[in-house]
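Here's the letter readout for the chains.
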Amino acid sequence: SGLGVTSMGLGGSPLGNRARPMREEDAEALIEAAWSAGIRYFDTAPLYGHGLAEARLGHGLRWQSRDEYVISSKVGRVLRSNRSLGCGKASAPDAQRGSNDGRKPHG
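Residues numbered from 1 in each chain as written. Predicted model: local features only at pLDDT ≥ 70, side-chain atom pairs only at ≥ 80, totals over all residues. Heavy atoms only, no water.

A. Main features of unusual backbone geometry. The backbone of Asn17 sits at a positive phi, close to 65°, despite the residue not being glycine. Structurally, the position occupied by Asn17 is in the loop between strand S1 (10-11) and helix H1 (24-36). Relative accessible area serves as the criterion here: at 29%, Asn17 is assigned to the partly exposed category. One non-glycine residue with positive phi stands out, namely His50, at about 55°. Looking at where His50 falls in the secondary structure, it is placed in the loop between strand S2 (41-44) and helix H2 (52-60). (Helix = DSSP H or I, 4+ residues; strand = E, 2+ residues; numbered from the N terminus. Buried < 20%, exposed > 50% of the residue type's maximum accessible area, 1.4 Å probe, protein only.)

In structure tokens, the structure reads:
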């Protein structure tokens, strides 16, 4: 694909309250810490917190130049009425930032 990614990335699951609830300020601090550590690859999915992780990631990266990082997201699931249905919709960071660098099927 020609995309370059950092050797480490930030997975978005915690941003969507998957293991435990995360406060907004903690989510923002996590993204800022990742950025300060040189992480420029971010992975998320609509499944994480019904889009909460994607919204938090888009919000946390809003001040960064879009050509300085890579976002990947999963496709294949959209949550509706507590059911997963197949879909290929763009993620929230895409909508906020205008693009997504990669999509992969969610297992």
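Moving on from the coordinates now.
B. Examining H1 more closely. The first and last C-alpha atoms of H1 sit 18 Å apart over 13 residues, in line with the 18 Å expected at 1.5 Å per residue. Three or more residues of H1 are buried, namely Ala27, Glu28, Ile31, Ala34 and Trp35. Here the buried residues of H1 occupy an arc of 125° about the axis, which is enough to place them on one side. Against S1, S2 and H2 lie the buried residues of H1. Once H1 ends, the next one or two residues include Gly38, with phi positive near 95°. (Expected span 1.5 Å × (residues − 1). Arc of directions from axis to C-beta. Contact = heavy atoms within 4.5 Å.)

C. Geometry of the packing of aromatic side chains. Applying the stated criterion across every chain yields a total of three aromatic pairs. On the numbers, 6.5 Å between centres and 10° between planes, the contact of Trp35 with Phe42 is stacked. Of the two residues, Trp35 and Phe42, both sit in the buried class. Geometrically, the ring pair formed by Phe42 and Tyr69 is edge-to-face, given 6.1 Å between the ring centres and 85° between the ring planes. Here Phe42, found in strand S2, pairs with Tyr69, found in the loop between H2 and strand S3 (70-75); they are 27 residues apart in sequence, far enough to count as distant. In terms of burial, Phe42 and Tyr69 fall into one category: buried. One aromatic cluster in this structure is built from Trp35, Phe42 and Tyr69. Above the plane of the ring of Trp35 lies Arg40, whose end atom (NZ or CZ) is 3.5 Å from the centre. (Phe/Tyr/Trp six-rings, centres within 6.5 Å; stacked < 30°, edge-to-face > 60°. Lys NZ or Arg CZ within 6 Å of the ring centre and 35° of its normal.)

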